[in-house]
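Given next are the chains, with one letter for each unit.
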Amino acid sequence: MLWRLWAFVSAVPVGVAAALAVKGATPLAIAAGGLAAGIVVAALASWIARRSDEPDRGGALAAAASTGWLGAPCAAAAFF
């Protein structure tokens with residue numbers, strides 16, 4: 001269950017960076033972008049984990065989602 005939370009949290013910086021790329025994005029749109037990205041990645045990781053025969057597949061997907069943190073400096077640079 002913890003890996004679903006990690007997949008969600010790891011995708012938030014990518015969603016924020018994508019929302020910041022839109023010209024004239026409001027703070028609400030930026031927050032919605034982060035939330036939407038987190039929901040999509042967590043749902044995708046859960047779906048793939050259910051379809052897999054390997055019990056640790058969800059944890060592996062959450063670890064792969066950690067690359068989303070690479071979007072955090074980009075989002076910070078665009079915001080400031």
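You'll find the structure just up there.
Attention in this report is confined to the structure presented alongside it. (Residues numbered from 1 in each chain as written. Predicted model: local features only at pLDDT ≥ 70, side-chain atom pairs only at ≥ 80, totals over all residues. Heavy atoms only, no water.)

**Topic: the overall build of the protein**
Step number 1: Counting its secondary structure elements, the protein contains 4 helices and 0 strands.
Step number 2: Shown N-terminal to C-terminal, the secondary structure of the protein runs as helices and strands in the order α-α-α-α.
Step number 3: Of all 80 residues assigned to the protein, the portion counted as buried reaches 29%.
Step number 4: Within the protein, contacts between residues at least 6 apart in sequence are counted, and of these 69% link residues at least 24 apart.
Step number 5: Accessible surface, the protein as shown: approximately 5,200 Å² in total, 73% of it carbon and sulfur. (Helix = DSSP H or I, 4+ residues; strand = E, 2+ residues; numbered from the N terminus. Buried < 20%, exposed > 50% of the residue type's maximum accessible area, 1.4 Å probe, protein only. Contact = heavy atoms within 4.5 Å. Areas by Shrake-Rupley, 256 points an atom, 1.4 Å probe, with all protein chains shown as cover.)

**Structural notes on the nonpolar core**
Step number 1: Formed by Trp3, Ala7, Ala45, Ala49, Ala62 and Ala65, the largest nonpolar core amounts to 6 residues.
Step number 2: Looking at this core, the elements that each hand over two or more residues are α1 (2-20), α2 (27-51) and α3 (57-65).
Step number 3: If sequence neighbours within four positions are ignored, Ala65 has contacts with Ala7, Ser10 and Val41. (Core = buried A, V, L, I, M, F, W, Y, C linked by side-chain atoms within 4.5 Å.)

**Some remarks on α1**
Step number 1: End to end, α1 covers 28 Å across 19 residues, agreeing with the expected 27 Å (1.5 Å per residue, within 8%).
Step number 2: A bend of about 30° at Val12 is the largest found in α1, and the proline Pro13 appears one to four places after it.
Step number 3: Residues of α1 that are buried include every one of Trp3, Ala7, Ser10, Ala11, Pro13, Gly15, Ala19 and Leu20, and no others. (Expected span 1.5 Å × (residues − 1). Bend = angle between axes of the 7 residues up to and from the residue.)

**Points about a nonpolar patch on the surface**
Step number 1: Judged by side-chain polarity, Leu44, Trp47 and Ile48 come together as a nonpolar surface patch covering roughly 280 Å² of accessible area.
Step number 2: Within the secondary structure, Ile48 is located in helix α2.
Step number 3: With relative accessibility at 31%, the residue Ile48 sits in the partly exposed group. (Patch = residues over 30% accessible without salt bridge, like charges linked within 9 Å, V, L, I, M, F, W, Y side chains within 5 Å. Salt bridge = Lys/Arg side-chain N within 4 Å of Asp/Glu carboxyl O.)

**Section: the environment of Ala25**
Step number 1: In this structure, Ala25 sits in the loop between α1 and α2.
Step number 2: For Ala25, a relative accessible area of 28% gives the class partly exposed.
Step number 3: Residues Ala25 and Ala75, 50 residues apart in the sequence, show an inter-C-alpha distance of 13 Å.

**Concerning the environment of Trp3**
Step number 1: As for its position among the elements, Trp3 is in helix α1.
Step number 2: For the pair formed by Trp3 and Gly59, sequence separation is 56 residues and the distance between their alpha carbons is 5.4 Å.

**What to know about the packing of aromatic side chains**
Step number 1: Counted under the stated rule, the structure contains 1 aromatic pair.
Step number 2: Geometrically, the ring pair formed by Trp6 and Trp69 is tilted, given 6.2 Å between the ring centres and 35° between the ring planes. Placement of the pair is Trp6 in helix α1 and Trp69 in the loop between α3 and α4 (71-79), with a sequence separation of 63 residues.
Step number 3: According to the relative accessible area criterion, Trp6 is partly exposed, its value standing at 38%.
Step number 4: Accessibility expressed as a relative area gives 37% for Trp69, which makes it partly exposed. (Phe/Tyr/Trp six-rings, centres within 6.5 Å; stacked < 30°, edge-to-face > 60°.)

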